[in-house]
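# Structural description and commentary
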Amino acid sequence: MFAIVMAGGSGTRLWPLSRRRSPKQLLALTGETSLLQQTVARLGALLKPQDIYVITSQAHVRPTIEQLPGIPEDNILGEPLARSTAVAAGLATVLARRESDEVALVLPADHFVSDEEQFTEALQEAARSAERGYLVTLGVKPTQPATGYGYIKVGKLLHAAAPTALVERFVEKPDAGEAASMLKEGGYLWNAGVFVWRVYAYRQAMERFQPELAAALDKVAALHRTPGWLSDLRDILEPVPAIAIDIGIAEPAAAEGRMAVVPLDVGWSDIGSWSALLEALSAQSGTSLVASGQHLDRGSERVLVHGGDRLVVTVGLRDVIIVDTPDALLVCARDRAEEIKPVLDEIAEKAGERYL
């Protein structure tokens, strides 16, 4: 068994802390170590360092190596261009040169998990189903009608003695009304974006559902890693469209009864926005106001303050996000934290690319 940690995200919704040069997976947002370091440490209960691979952008290979001194440098794989998760997982598998019958754990580098023991047990349960040929995902038990996650409709159990079930279908990110209806109906899980499968099972799925990607990866496998090979790799991947595992692989596999899901109840968050970070840290600390840096408050609730040496004082605020960095200050309503990403285009146009 081996793991592929996908660390190529940009974390734009966590601006101004997450930037092009320092994306969120390299930041210490939920503790003393970065989200990437926490993800790799989490895998230590299952795997040896030589069995953990990280795929990231070429620009972040060096800082990733620096953050993970225990992982062999050759296991830090540079992606020449971003092509989403299905391509990243396939490319990492080819470059890792693992055996076709091995089980691969494929997971993002930027998630938060409070109960790591239960998370490990869920991965082990998923691996058992993967050994039977299923493509397996982890589904988080929803705690609210969230609109920022995709959902999984749970089908029949694979075995009465285990929680793993078939995936009936995937649901794209719903509006608030649809999310509330699914939560009331029951039988739905949040899509955690964590996958487990045998190498050959994923290869078969690519050949069936994404033949262009499978053909490109055949060319990658035939490359000799001589000087200039990364340029050849880029040329091969350039025409391949960006393909997410969820849409390009998991959805059609579920329609054919080949997708299974393991329920997960571990205090999980994908830390996809400042609001999500506030939720995760509030649950961890037991307080609705979460602050770092120099901060004083009087009577505020459900507020996140991420500061530094400059004193930030809050009085009587409700549901507000404040992020203070040396060159940019963000103040936004908590329920509009998802709007940061589209604002970045305006920031680049009016304030300059240096702020990205």
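Here the structure is shown first, and the text comes after it.
All values reported here derive from a predicted model rather than from experimental measurement. Residues take numbers from 1 onward in each chain, read along the sequence in its written order. Reporting of local features is limited, given that this is a predicted model, to residues whose pLDDT is at least 70; pairs of side-chain atoms are given and counted only at 80 or more, and all residues count toward the totals for whole chains, interfaces and linings. In computing side-chain properties, one takes all heavy atoms of the structure into account and sets aside hydrogens as well as water.

### Quick look at the overall build of the protein
We apply this condition: Secondary structure counts use DSSP, requiring at least four H or I residues in a row for a helix and at least two E residues in a row for a strand, with both numbered from the N terminus. Values of the radius of gyration come from C-alpha atoms, whereas the globule rule sets the reference at 2.2 Å times the count of residues to the power 0.38. Relative accessibility decides the category of a residue: with a 1.4 Å probe and only protein chains considered, values under 20% of the type maximum give buried, values over 50% give exposed, and everything between is partly exposed. When checking whether two residues touch, look at their non-hydrogen atoms; a contact exists if any pair is within 4.5 Å. Computed with the Shrake-Rupley method and a 1.4 Å probe, the accessible areas treat only the protein chains shown as cover for residues.
Helix and strand content of the protein: eleven helices and 17 strands. Compactness check: the protein gives a C-alpha radius of gyration of 21 Å against a globular reference of 21 Å for 356 residues, within 12% of the reference. With 356 residues in all, the protein has 54% of them scored as buried. Residue pairs at least 24 apart in sequence account for 66% of intrachain contacts in the protein once pairs closer than 6 positions are excluded. If you sum the accessible surface of the protein, you get close to 16,300 Å²; carbon and sulfur atoms cover 50% of it.

### Description of the side chain of Arg83
Worth spelling out the cut-off: Polar contacts, as used here, are pairs of N or O atoms within 3.5 Å; protein pairs need one atom able to donate a hydrogen and one able to accept it. Residues neighboring in sequence count only if both atoms are side-chain atoms.
Within the secondary structure, Arg83 is located in the loop between β3 (76-79) and α3 (84-96). Residue Arg83 is classed as buried on the basis of its relative accessible area, which comes to 16%. Within the structure, the side chain of Arg83 is placed 2.9 Å from the backbone oxygen of Glu238, a separation counted as a polar contact.

### Notes on helix α4 (residues 116-130)
Cut-off, in case you're wondering: Given the number of residues in a helix, its expected span is that number minus one, multiplied by 1.5 Å.
If you check α4, its first and last C-alpha atoms are 21 Å apart, about what 15 residues at 1.5 Å a residue would give, namely 21 Å. Among all positions in α4, only Phe119, Thr120, Ala122, Leu123, Glu125, Ala126, Ala127, Ser129 and Ala130 are buried. Where α4 is buried, its residues touch α1 (35-42), β4 (103-108), β5 (112-113), β6 (135-140), β9 (188-198) and β10 (259-264). Among the residues of α4, the N-terminal cap falls to Asp115, whose side-chain oxygen and the backbone nitrogen of Glu117 are separated by 3.4 Å.

### Describing helix α5 (residues 176-185)
A distance of 3.3 Å separates the backbone nitrogen of Gly177 from a side-chain oxygen at the start of α5, and that oxygen is part of Asp175. One or two residues past the end of α5 sits Gly186, with phi positive at roughly 85 degrees.

### Description of the pattern of salt bridges
Let me state the cut-off plainly: For this analysis, a salt bridge means a side-chain nitrogen from Lys or Arg found within 4 Å of a carboxyl oxygen belonging to Asp or Glu.
Taken as a whole and assessed by the stated rule, the structure comprises 23 salt bridges. Linked through salt bridges whose partners overlap, the residues forming this network are Glu279, Glu301, Arg302, Arg318, Asp319 and Arg334.

### Regarding the sheet that holds strand β17 (residues 329-333)
Here is the rule we go by: Criterion used throughout: strands pair if DSSP finds at least two bridges between them. In this description, a line fitted to the C-alpha atoms serves as the axis of each element, helices being fitted only across the stretch in contact, and the angle between N-to-C directions of two axes falls anywhere from 0 to 180 degrees.
The strand order across the open sheet formed by four strands is β12-β14-β16-β17, and the pairing between neighbours is mixed. The open sheet has two edge strands, β12 (289-292) and β17, and neither has a second partner. Averaged over all neighbouring strand pairs, the angle between strand axes comes to 10 degrees, with direction disregarded. Two strands pair when backbone bridges link them, and β12 and strand β14 (residues 301-306) are joined in this way by four bridges, in the parallel orientation. Its bridge partner lying in β14, Ala291 is registered against Val305. In the packing of helix α10 (residues 274-285) onto the sheet, the strands contacted are β12, β14, β16 (318-324) and β17, and the crossing angle to β14 comes to about 110 degrees.

### Details of the packing of aromatic side chains
Aromatic ring pairs: the centre-centre distance and the angle between the two ring planes describe each pair. Put simply, the test is: Side-chain rings of Phe, Tyr and Trp, where Trp is taken by its six-membered ring, are said to pair if the distance between their centres is within 6.5 Å; with planes under 30 degrees apart they count as stacked, over 60 as edge-to-face, and otherwise as tilted.
With the rule as written, the count across this model stands at five aromatic pairs. Consider the rings of Phe195 and Trp197, whose centres lie 5.8 Å apart with planes at 25 degrees: the pair is stacked. For the residue pair Phe195 and Trp197, the accessibility class agrees, reading buried in each case. Ring centres of Trp197 and Tyr202 lie 4.1 Å apart, and the angle between their planes is 0 degrees; on these two criteria the pair is classed as stacked. The same class applies to Trp197 and to Tyr202, which are both buried. Aromatic ring contacts, followed pair by pair, group Tyr149, Trp190 and Trp268 into a single cluster.

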